[in-house]
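Below are the chains, spelled out letter by letter.
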Amino acid sequence: MEDKRFVIAIEVSSSRIIGVAASLEEDNNADVVCCEEEEINGPVIYGVIKNVDEVATKINAILRRIEKNQKVAPRRIESVYVGINARSLHSVTVTVDKPINENIPIDEALMRQILHESCAGIDKDAYMILDTRMRLCEIDGKETLNPVGALGSNISVSTTAVICNKRICNSIKMAFDRLGIGIKDFIPTQLALSNLALTSDERRLGCMLVDFGSDTTAVSIYKNDRLMYLNTLPMGSRNITRDLTSLNILPENAELIKRTYGIMPLADAAKTEFAQDVSSTDVVNYISARAGEIIENIINQLKIADIKAEQLPGGIVAVGRGTKMKGFNELLEKNSKLRVRKIGGSESYSDNIGSLAIVDYASNIAGKEGSCVVLPKMPEVEEEPVKQQEETVKEKNKKGKEEKKGSFFSRLVTKINTGIDPIFGGDDDEE
């Protein structure tokens, strides 16, 4: 069987766990084979695992279904790439300033050393560093987009390190340890999304990427094709659902009302009956107030990042299942004064874009030995030595001839004794 390479990506969110399998071509392009998911409610809050056993059971169900897929079988999954999209995921900015030899051009080795030095002050006992990127570079006080090969006497590099609470990664690892599955790498889902959801022009001009999820909302800002800022807000579309349940509406009905009607004018609310004995005005006010609060927190990230809206002509790109709520993107555009683009494509694509982004990201970092699956080992068959086999064959042939000879003479005696003729050439003779 052809030993194809596969990457397996798992995204653990507060409302569901998604697993995606993709085969890798020679150039590492990923061809998605299947996508499986399990709904959850409670064991994961704000991206933090609260019940390891329950999550492990759900992950195991997903992995087993992937293994049964006809394009994957009979291969077995031994490792995965895991997307991180939790409340504590954020970026920190560090500046490294150092003198350099003005007679030696700046090389890749120096830039890697500077990125490494920028992480020195991060508490590695509390946080896991998931990625480090150059944010801004100045040589002798002048901004330089591409420092490699440049000359100067001083270099100042501002870096963006993406970090996450170590407890979150450890709890995820516990779930996979129970299944005997290794983790090849933790991938920040927000970074993976930027590769898949943003155009090159948007990243260069400057834009904001908003992932409006169930319990969290991740925000990242790009300028000059560089990550300037990343933060995860502890609020999402489920906050709106919880608000509606306080009106004595069942959670499933509250979710349906939120998605069906969304943010609507009070004038329209008077014509709509959302639920029996529930004020339509209260429903609309609850949805609008909470959605408005989330949007204000999204816009406030510009202030925290010290970036003005005018510096982001690429606008806002909105992804996540929360953006399916009617009126949300329009209100975000109105309040932020930035153009909002929602990711298009099929509903399945938009719903699973985070997991697809993780697979795409993983395919770019997977090497030739980066496959997440292995072919099952064939059982070993003990072979007899050649000489012993030959002797066995000779003994069997000799025994067979003796049996045939005995059988012939036995019948000959029988025929003589019974007077049956002819002795030779009868239909019952052995050839």
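All of these numbers come straight from a predicted model, not from anything done at the bench. (Residues numbered from 1 in each chain as written. Predicted model: local features only at pLDDT ≥ 70, side-chain atom pairs only at ≥ 80, totals over all residues. Heavy atoms only, no water.)

Caption draft 1: Quick peek at the packing of aromatic side chains. Throughout the structure, instances matching the rule amount to one aromatic pair. Their ring planes at 20° and their centres at 4.3 Å tell us that Phe212 and Phe328 sit as a pair that is stacked. Pair noted here: Phe212 is in strand β13 (residues 207-212) and Phe328 is in helix α10 (residues 328-336), with a separation of 116 residues, a long-range link. Phe328 shares its class with Phe212; the two are buried. (Phe/Tyr/Trp six-rings, centres within 6.5 Å; stacked < 30°, edge-to-face > 60°. Helix = DSSP H or I, 4+ residues; strand = E, 2+ residues; numbered from the N terminus. Buried < 20%, exposed > 50% of the residue type's maximum accessible area, 1.4 Å probe, protein only.)

Caption draft 2: Representation of the nonpolar core in the model. In this structure, Ile8 and Val80 are the most contacted members of the largest nonpolar core, which totals 67 residues. Residue contacts for Ile8: discarding those within four places in its chain leaves Val20, Ala21, Leu63, Ile66, Ile77, Ser79, Val80, Tyr81, Cys372 and Val373. Judged by nonpolar contacts, the second largest core, of 39 residues, contains Leu244, Ile249, Val278 and Ile299. (Core = buried A, V, L, I, M, F, W, Y, C linked by side-chain atoms within 4.5 Å. Contact = heavy atoms within 4.5 Å.)

Caption draft 3: The arrangement of the side chain of Thr216 in detail. On the secondary structure map, Thr216 appears in the loop between β13 and β14 (217-223). Once you skip the residues sitting within four places of it in the chain, Thr216 turns out to touch Tyr46, Asn85, Arg87, Asp211, Thr232, Leu233, Met235 and Gly236.

Caption draft 4: Fine view of helix α1 (residues 52-68). Its 17 residues give α1 an end-to-end C-alpha distance of 24 Å, which sits within 8% of 24 Å, the value for a rise of 1.5 Å per residue. When α1 is considered as a whole, its buried residues turn out to be Val52, Val55, Ala56, Ile59, Ile62, Leu63, Ile66 and Glu67. Angularly, the buried residues of α1 cover 135° about the axis, an arc narrow enough to put them on a single face. Those residues of α1 that are exposed and angled more than 90 degrees off the buried face are Thr57 and Lys68. Residue Asn51 occupies the N-cap position of α1, its side-chain oxygen lying 3.3 Å from the main-chain nitrogen of Asp53. (Expected span 1.5 Å × (residues − 1). Arc of directions from axis to C-beta. Polar contact = N/O pair within 3.5 Å; in protein donor to acceptor, adjacent residues only side chain to side chain.)

Caption draft 5: Molecular detail of helix α6 (residues 237-245). A large share of α6 lies buried, amounting to seven of its nine residues. Taken as a whole, α6 has its buried residues at Ser237, Arg238, Asn239, Ile240, Thr241, Asp243 and Leu244. Residues of α6 that are buried sit in contact with β13, α7 (251-261) and α9 (280-304).

Caption draft 6: Just unusual backbone geometry, in detail. Residues Ala73 and Pro74 are joined by a peptide bond in cis, for which omega reads 5°. Tracing the backbone shows Pro74 in the loop between α1 and β6 (76-77). Notably, Asp306 is not glycine yet its phi reads approximately 60°, a positive angle. Mapping Asp306 onto the fold places it in the loop between α9 and β16 (316-319).

Caption draft 7: Seen up close, the sheet that holds strand β3 (residues 30-39). Taken in spatial order, the five strands of this open sheet run β3-β2-β1-β7-β12, and their pairing is mixed. Two strands lie at the open edges of the sheet, namely β3 and β12 (182-188), each paired on one side alone. Each neighbouring strand pair of the sheet contributes to a mean axis angle of 25°, computed without reference to strand direction. By the bridge criterion, eight bridges tie strand β1 (residues 5-12) to strand β2 (residues 16-24) in an arrangement that is antiparallel. Residue Ile8 lies in a different strand from β2, and its bridge partner there is Ala21. The strands touched by α1 are β1, β2, β3 and β7 (79-84); relative to β3, the strand with the most contacts, the crossing angle is about 140°. In the packing of helix α4 (residues 189-197) onto the sheet, contacts are made with β1, β7 and β12, and the angle to β12 comes to roughly 70°. (Pairing = 2+ DSSP bridges. Axes fitted to C-alpha atoms, helices over the stretch in contact; angles between N-to-C directions.)

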